[in-house]
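Spelled out from the first residue to the last, the chains are:
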Amino acid sequence: MTKAPPTAASLGLFVCHACGLLSRPAHSHEACCPRCGAHLHLRKPDSTSRTWALLITAMILYIPANVLPMMHTSSLFGSQSDTIMSGVVYFWTSGSWYLALIIFFASIMVPMLKMIAIVLLLISVQLRSRWQLDQRARLYRLVEFVGRWSMLDIYVVAVIVSLVQLEGLATIQPGPGAIAFGAVVVLTMFAAQSFDPRLMWDPPENKHG
Ligand SMILES: [Zn+2]
C-alpha cells in the first residue's frame, strides 16, 4: 500500500467555511479567517456526536411516524384514520399498485435505508476503519442526493389528498403521524449535513472529533 498523500489538516491549512479562503493560522485553536473573520475549524465541530443525536431522534420518531395515523379521512360514508402502511395496503388492494409502491418506497424504505446508511458511516468513522472507503464515499454522496428528494413523500401526500378530494365529498386532515414523519425527514437531512465526510479520509492517528 502506498503512503497516503498529505492532507490540508496535516499541513496546518484551514479552509474557511464562509468564504472559502485557504489559510495557515499561527494558532490552530480559535483561529479566525484573515479575510472574513469567520471561525476556522479543521473539521465540523462535534460532527459525530451531533449526527448521532439527530439520527437517534429521527429513529425514535420513525416509530410514531409509522404507527400513528398519517391522515384522517371523513366522508358521507364515515371516517377513517390511515397510517402509512394501511395507506399502502389500501392503494394496493384498490388497484393503484403503482401509488402503493411509490408510498412504500418513499415513506418506509427510503427513510429507513437512509438512517441505516448514516449509522454505517458513523460507526466506520468512529472505528477509524479504512474498509471500503470508495464505496462509503459513494454511499455518502447517495445519502446527500436522496436528501434532496426526501420531501417527495410530502408531495405524495398532497397528491393523495387532491385525488381523494376530487373523487368525492371527503375531507382529509393530516394526523399526528404526518408531523412525526415530517420531523424524521428534516432530522435525517440535518444528520446527513452535520456528518463531516472528510473524517472518513483522515489517517487513523489523527483525531479532529
Ligand atoms: Zn473567510
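In the block above lies the structure referred to throughout.
Nothing here was measured: the structure is a model prediction, and the numbers come from that model.

Please clarify how the coordination of the zinc ion should be interpreted in this entry.
Within the first shell, the zinc ion binds the protein through Cys16 (SG), Cys19 (SG), Cys33 (SG) and Cys36 (SG), at distances of 2.3 Å. Around the zinc ion, the four donor atoms sit at angles spanning 104 to 114°, and that spread fits a shape best called tetrahedral. Here the donor residues for the zinc ion map to a single chain with the spacing C-x2-C-x13-C-x2-C. With a gap of 14 residues between them, Cys19 in the loop between β1 (14-15) and β2 (22-23) and Cys33 in the loop between β2 and α1 (47-67) connect regions that are remote in the sequence. Given a relative accessible area of 29%, Cys19 falls into the partly exposed group.

Which parts of the structure should I look at to understand the environment of Leu133?
Within the secondary structure layout, Leu133 lies in helix α4 (residues 133-149). For Leu133, a relative accessible area of 11% puts it in the buried group. Setting aside anything within four residues of it in sequence, one finds Leu133 in contact with Met200 and Trp201.

Help me understand the sheet that holds strand β3 (residues 71-75), please; the structure alone is not making it clear to me.
Whenever strands of a sheet pair, they do so through backbone hydrogen bonds, lying parallel or antiparallel. Spatial strand order, β4-β3-β5: three strands in an open sheet with antiparallel pairing. Of all strands in the sheet, those bounded by a partner on one side alone are β4 (78-82) and β5 (171-174). Sheet twist, expressed as the average angle between the axes of neighbouring strands with direction ignored, equals 15°. Pairing analysis gives four bridges linking β3 to β5, with the strands arranged antiparallel. The partner of Met71 across the bridge, within β5, is Pro174.

Cut-offs and rules
- Residues numbered from 1 in each chain as written.
- Predicted model: local features only at pLDDT ≥ 70, side-chain atom pairs only at ≥ 80, totals over all residues.
- Heavy atoms only, no water.
- Donors = N, O, S within 2.8 Å, 3.2 Å for Na, K, Ca; no water.
- Tetrahedral: all angles 85-135°; square planar, octahedral: opposite > 155°, others 65-115°.
- Helix = DSSP H or I, 4+ residues; strand = E, 2+ residues; numbered from the N terminus.
- Buried < 20%, exposed > 50% of the residue type's maximum accessible area, 1.4 Å probe, protein only.
- Contact = heavy atoms within 4.5 Å.
- Pairing = 2+ DSSP bridges.
- Axes fitted to C-alpha atoms, helices over the stretch in contact; angles between N-to-C directions.

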